[in-house]
Amino acid sequence: MIDSVDSATNKVGDTFLASLAAPIVVGDEVVIPQNADVQIKLASAKTSGKFTGQSELTLELDSVKFQGK
């Protein structure tokens, strides 16, 4: 993740910048290299109560940008 996600301020549908941690490989060929730009979408957010201290966020891959496409 490049952008941070905060359950207190972000809402479902917000998008964030990230980069691939590992390349996408098909067979023996790298089709999208490591560090390619990706956009992540906040799919769901469940906030915790004051005493549990944990929020649950679900993120989805929205798009991948490689070689300008």
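Our subject is the structure that appears above.
Parameters and conventions
- All chains use their own residue numbering, which begins from 1 and follows the written sequence.
- With the structure being a predicted model, the display of local features is reserved for residues of pLDDT at least 70 and the display and counting of side-chain atom pairs for 80 or more, all residues being used for whole-chain, interface and lining totals.
- As a rule here, side-chain values cover all heavy atoms of the structure and leave hydrogens and water aside.
- One requirement defines pairing of two strands: DSSP has to find at least two bridges between them.
- Each helix is a run of DSSP H or I of at least 4 residues and each strand a run of E of at least 2, with the numbering of both proceeding from the N terminus.
- Here the axes come from fitting lines to C-alpha atoms, over the contacting stretch only for helices, and the angles between their N-to-C directions go from 0 to 180 degrees.
- What counts as a salt bridge is simple: a side-chain nitrogen of Lys or Arg found within 4 Å of a carboxyl oxygen of Asp or Glu.
- Type-normalised accessible area, obtained with a 1.4 Å probe on protein chains alone, sets the label of each residue: buried when under 20%, exposed when over 50%, and partly exposed for intermediate values.
- To form a nonpolar core, buried Ala, Val, Leu, Ile, Met, Phe, Trp, Tyr and Cys residues must be joined to one another through side-chain atoms within 4.5 Å.
- What makes two residues a contact is simply this: any of their non-hydrogen atoms within 4.5 Å.

Trainee: Even after reading the chapter, I still don't get the sheet that holds strand β5 (residues 56-65), so can you show me in this structure?
Mentor: Two orientations exist for strands paired in a sheet by backbone hydrogen bonds: parallel and antiparallel. Pairing is antiparallel across the open sheet formed by 3 strands, whose spatial order is β1-β4-β5. Each having just a single partner strand, β1 (15-19) and β5 make up the two edges of the open sheet. The average angle at which neighbouring strand axes cross in this sheet is 35°, direction not considered. Of the pairings in the sheet, the one linking β1 to strand β4 (residues 37-46) comprises 5 bridges and is antiparallel in character. Opposite T15, over in β4, you have K41 as the bridge partner.

Trainee: Would you explain the pattern of salt bridges in this entry?
Mentor: A side chain with one charge can pair with a side chain of the opposite charge if their charged atoms come near. Counted under the stated rule, the structure contains 1 salt bridge. Of the charged contacts in the structure, one is a salt bridge between K11 and D14, with a shortest N-O distance of 3.4 Å. Classification of K11 as exposed rests on a relative accessible area of 55%. By relative accessible area, D14 is classed as buried at 17%.

Trainee: I would appreciate a short explanation of the nonpolar core in the present structure.
Mentor: Nonpolar side chains tend toward joint burial in soluble globular proteins. A18, L20, I32, A36, V38 and I40 form the largest nonpolar core, which has 6 residues in total. What A36 contacts, discounting residues up to four positions off in sequence, is A18, S19, L20 and K65.

Keep in mind these values describe shape, not function.
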